[in-house]
Every structure is written in structure tokens, then in C-alpha cells.
Amino acid sequence: MISVIVTLSLIINVSSQNLPIIINTWFVSNATYAAWEELTAHGGSAVDAVVAGCSQCEASQCRGTVGFGGDPDENGETTLDAMIMDGKTMDVGAVAALRMVKPAIAVARAVMDYTEHTLLVGDQASLFAKDMGFTIETLTTNKSHIEWRTWIDKKCQPNFRKNVIPDHTTSCGPYKPKKSLEKQHPNSHANFGISPKNHDTIGMIAIDKSGNISAGTSTNGLSHKVPGRVGDSPLMGAGSYAMNGAGGAACTGDGDIMMRFLPSFQAVMLMKSGMEPSLALKEAMAPIIQYYPSFFGAMIAVSSNGTFAAACHGYKTFPFCVVNPSFHEVKVLKVQCT
């Protein structure tokens, strides 16, 4: 059974009596449960748990924003971004703009396990995945194709272009650059096209009984993004970050904005210095809010002792899932946002 607890505070701090713990963004409790089962029933590592949890989200196409068949780009294609980080070894594997391969976080794990690299992108990442035994198949579904065709019929609105001709607010491409750039207010982009309905990147953190920490993310990015766009999710320190003895953090929201501030890295470093997760999140998000006060985004964090917190900005509320021995079951918690 899943319990739902609504808290009225922007940031919460909860300390568990013991480990292990799984925490992830959004209302995707099936992913939390899959990670918990991997960690506790199957004896998996923290890395195994994060991969299992995010893989469950990918396979079930969490609200259309994780995995195949969702959020097509301008060309109607779904591409995937994912990352996994081992806080014990500081190893990372990531893929970005991955095409034609469904289990993105598993491919990211393969990058970590079978190469000396950190990040592979695009067609080359897909070729690597094929060599590693992953199936090459379309990520397009009837639903994603209809979504794309509807967008085309609406003259490609909204889109993420600027300073181009023809006018991107009334026309589809192909686009060419204007001769002169128009200056824009920093907030002009902040909440453009971002909402809980189209941007539910899963970020997950796991800590096992020995205190080993892992963090990971998986997403299919923004609807109607410019082909080749990569957000914060596959970038360590932006989408997520983990370090044994310090903690883990993960982000969701407007990745084009949040990635500029490396908020996950900031939060983990602040926890390493002894700061509680709630304060670490507040400090990590403060400069983003300062420069882009209208942006949409949220973060989760957990310290090495199992104390966790969440913070958000722009949404009304932000749900996240947690399970540990004190809770006995997956709980969905919510925080109100600024």
C-alpha cells in the first residue's frame, strides 16, 4: 500500500533511523518499488537499484516523459538522455540524444562498465548500444506521432527557436538566422513550454546498508525540442550527483536553465561540508531563482545518513517518492513550491 503525505512547507527534512533508502522525483512509485526490491530482496548494489528503478520508469513510459514514445522533437523523433553515477568510485556512465534504443539508463550503465569514457551521444551511442547487445528499434509510437502531427498542424507552436526567419512564433522551419540578434529578458525563456504534464524527468538516489550512494536520471527531454538538444539529465552535477560520505541529489524541470548552475553538484558539496539537505537545496537553487525567477524546477537530496529533503520552484506542488525501513512501504510526499 502507498501512503500519501502532504506537507505545507517548501522544504522538508526527514531523518530515517537506518538505511537503505530510495528517493526519486515525481509520482512514479512503481519505479521506487522496483529499485527497493533490487536493493533489498535481490541483494543489488545502489547502482543496480537506480538502474532497476529508472528502467521500470522507462519501460512503463512514465507519463510520456521518460522512455520511448514520448516528447518528439521537431522532426517527430523521440530521443533519450540518461545517466548513472557511482558515489563509491565516482564512476559515471551517460548517454545523450540516444536514438533507436529503449533502455537508456541500461546503456548508460554499459558506458560506465565497458568503456573508459563518461558520455556517448547520438548515433554513435546507438552503435555502441548495438555492439553491447541492445536491440535497435523505433522509439516512435502512434501517440508520439499524433502529438507531432498535431504540433505541425498548429504551425509548430510552441517551439524553442529565437532570432530566426521565418518568424518562429507563427511558422514552421526550415529556419535561418536573423542578421541582428534581439536582446531578451532573462525570464523570457524561463517557463516556456515547461510543465508537470510534459517534463517529468525521473531522478533517483539510492543508498545501501553500507552507505554506498548512487544517483541517476532518465528522460526523453522536451516536447518539440530542436533536434540534438540535450538537457541537464545526462550531465553529472546538473541532472544528478552522488558521493559516498556526502550524499546524493537530483533535479527535474527546465534543464536548459538548471544545467547552467550545476545544482546537484552544489547540493552534494554543501552536504559534504555538513549542511543539512534542506539548506543545501535552498542554497543550490538560490542562484537559479535569482537569475530566472520564473523558471520551473525541483530537486531532491539525501545525506549519507539517510536524511532527505525536497525543494521546488514554479510549480504549485512537487511530488516525490521515498522508501526506507522506517516507512516500511513506498510513500509519496509533496512539497509546496515558491
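Residues numbered from 1 in each chain as written. Predicted model: local features only at pLDDT ≥ 70, side-chain atom pairs only at ≥ 80, totals over all residues. Heavy atoms only, no water.

## Focus: the sheet that holds strand β12 (residues 297–303)
The antiparallel open sheet is built from four strands, whose spatial order is β10-β11-β12-β13. A strand with exactly one partner marks an edge of an open sheet, and here the two such strands are β10 (240–243) and β13 (308–313). Ignoring strand direction, the axes of neighbouring strands in this sheet form an average angle of 10 degrees. The pairing of β12 with β13 spans six bridges and is antiparallel. Bridge pairing in β13 links methionine 299 to alanine 311. Against the sheet, helix α7 (residues 263–272) contacts β10, β11 (247–253) and β12, and its axis sits at roughly 155 degrees relative to β11. Docked against the sheet, helix α8 (residues 277–291) engages β12 and β13, running at close to 20 degrees with respect to β13. (Pairing = 2+ DSSP bridges. Helix = DSSP H or I, 4+ residues; strand = E, 2+ residues; numbered from the N terminus. Axes fitted to C-alpha atoms, helices over the stretch in contact; angles between N-to-C directions. Contact = heavy atoms within 4.5 Å.)

## As for the packing of aromatic side chains
Applying the stated criterion to the full structure yields nine aromatic pairs. A ring pair is formed by tryptophan 26 and phenylalanine 318, whose centres lie 5.1 Å apart and whose planes are at 80 degrees; its orientation type is edge-to-face. Of the two residues, tryptophan 26 sits in the loop between β2 (21–25) and α1 (29–40) while phenylalanine 318 sits in strand β14 (residues 317–323), which places them 292 residues apart along the sequence. Ring plane angle 20 degrees and centroid distance 6.3 Å describe the contact between phenylalanine 318 and phenylalanine 320, whose orientation is recorded as stacked. Accessibility classification places phenylalanine 318 together with phenylalanine 320 in one group, the buried group. Three or more aromatic residues joined by ring pairs make a cluster, and in this case those are Trp26, Phe296, Phe308, Tyr315, Phe318, Phe320 and Phe327. The ring of tryptophan 148 carries the charged tip of arginine 149 above its face, separated from the ring centre by 5.4 Å. Geometry around phenylalanine 327 places lysine 331 over its ring, the cationic atom sitting 5.5 Å from the centre. (Phe/Tyr/Trp six-rings, centres within 6.5 Å; stacked < 30°, edge-to-face > 60°. Buried < 20%, exposed > 50% of the residue type's maximum accessible area, 1.4 Å probe, protein only. Lys NZ or Arg CZ within 6 Å of the ring centre and 35° of its normal.)

## Some thoughts on the pairing of strand β8 (residues 202–207)
Judged by how many residues are buried, β8 sits mostly within the fold: six of six residues are covered. Of the two faces of β8, both are covered, the one formed by Ile202, Met204 and Ala206 as well as the one formed by Gly203, Ile205 and Ile207. Two elements, β2 and β8, share four bridges in a ladder whose sense is antiparallel. From the neighbouring strand, isoleucine 23 faces β8, where its bridge partner is isoleucine 205. Of the strand pairs in this sheet, β8 and strand β9 (residues 213–219) are connected by six bridges, and their pairing is antiparallel. The residue of β9 that forms the bridge with isoleucine 202 is serine 218. A loop of five residues connects β8 with β9, the two strands running antiparallel in sequence, and glycine 211 in this loop sits at a positive phi of about 90 degrees.

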